[in-house]
Amino acid sequence: MENWKSIAGYEGIYEVSDQGRVRRIKPEHNTYVGKILAGGHDTDGYRVVLLYNNGKRKMFKVHRLVANAFISNPENKPQINHKNTIKN
C-alpha cells in the first residue's frame, strides 16, 4: 500500500509517496486533484518535479522530498545515499 505525506512548505497543495510519486491535492488551472506529476530528470540523472506555490515555482529532487517526508534525520545530515546507486 502506497503511503502519502504532505510536502513541507507545500501543505495542502502537494503530497509525496513512499514510492517516489508526487501528486497535486489542490485544484489549479490546467490540473486536477490527485494528478501525479510527470517531472523530468536533471543533468545528474536525478528525477525532479516543479512545485508551484503563490505563483512561484521551485524545482525539487524527488528523492529528497521522499526522504524529508519519510526518514527521520535527527543528526541533520545533508545528503541522501542511494544504497543501490539507482538515482531515480
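For the structure itself, consult the block above.
The shown structure was predicted, so the numbers you read here are calculated from the model rather than taken from an experiment. (Residues numbered from 1 in each chain as written. Predicted model: local features only at pLDDT ≥ 70, side-chain atom pairs only at ≥ 80, totals over all residues. Heavy atoms only, no water.)

Enquirer: Would you take a moment to explain the packing of aromatic side chains for this structure?
Expert: Aromatic rings considered in pairs are described by the distance between their centres and by the relative angle of their planes. Applying the stated criterion across every chain yields a total of two aromatic pairs. Considering the side-chain rings of Tyr 10 and Tyr 14, the 6.0 Å spacing of their centres and the 65° angle between planes classify their relative orientation as edge-to-face. As far as the burial class goes, Tyr 10 and Tyr 14 line up, both buried. Their ring planes at 85° and their centres at 5.5 Å tell us that Tyr 10 and Phe 60 sit as a pair that is edge-to-face. Pair noted here: Tyr 10 is in the loop between β1 (4-6) and β2 (14-17) and Phe 60 is in strand β6 (residues 56-61), with a separation of 50 residues, a long-range link. The exposure classification of Tyr 10 matches that of Phe 60, with both residues buried. The structure contains a cluster of three or more aromatic residues connected by ring pairs, namely Tyr 10, Tyr 14 and Phe 60. (Phe/Tyr/Trp six-rings, centres within 6.5 Å; stacked < 30°, edge-to-face > 60°. Buried < 20%, exposed > 50% of the residue type's maximum accessible area, 1.4 Å probe, protein only. Helix = DSSP H or I, 4+ residues; strand = E, 2+ residues; numbered from the N terminus.)

Enquirer: Quick question: what am I supposed to make of the sheet that holds strand β5 (residues 47-53) here?
Expert: The strands that make up a sheet are held in pairs by hydrogen bonds between backbone atoms, and each pair lies either parallel or antiparallel. Judged by pairing direction, the sheet is antiparallel, and its three strands sit side by side in the order β4-β5-β6 without closing on themselves. The open sheet has two edge strands, β4 (40-41) and β6, and neither has a second partner. Bridging between β5 and β6 involves six bridges; their strand directions are antiparallel. Each residue of the ladder has a partner; that of Asn 53, found in β6, is Lys 56. Where helix α1 (residues 62-70) meets the sheet, its contacts fall on β5 and β6, and the angle it forms with β6 comes to roughly 85°. (Pairing = 2+ DSSP bridges. Contact = heavy atoms within 4.5 Å. Axes fitted to C-alpha atoms, helices over the stretch in contact; angles between N-to-C directions.)

Enquirer: Sorry if this is basic, but what is going on with the pattern of salt bridges here?
Expert: Any two side chains of opposite charge can pair, so long as their charged atoms come close to each other. The full count for this structure, using the stated rule, is four salt bridges. Between Glu 2 and Arg 21 there is a salt bridge whose closest N-O contact spans 2.8 Å. Of this pair, Glu 2 sits in the segment before β1 while Arg 21 sits in the loop between β2 and β3 (22-24), and the two are 19 residues apart along the sequence. The class of Glu 2 is partly exposed, set by a relative accessible area of 24%. Under the relative-accessibility criterion, Arg 21 is labelled partly exposed at 37%. The partner of Glu 15 in a salt bridge is Arg 23, and the shortest N-O contact between them spans 2.6 Å. According to the relative accessible area criterion, Glu 15 is buried, its value standing at 14%. (Salt bridge = Lys/Arg side-chain N within 4 Å of Asp/Glu carboxyl O.)

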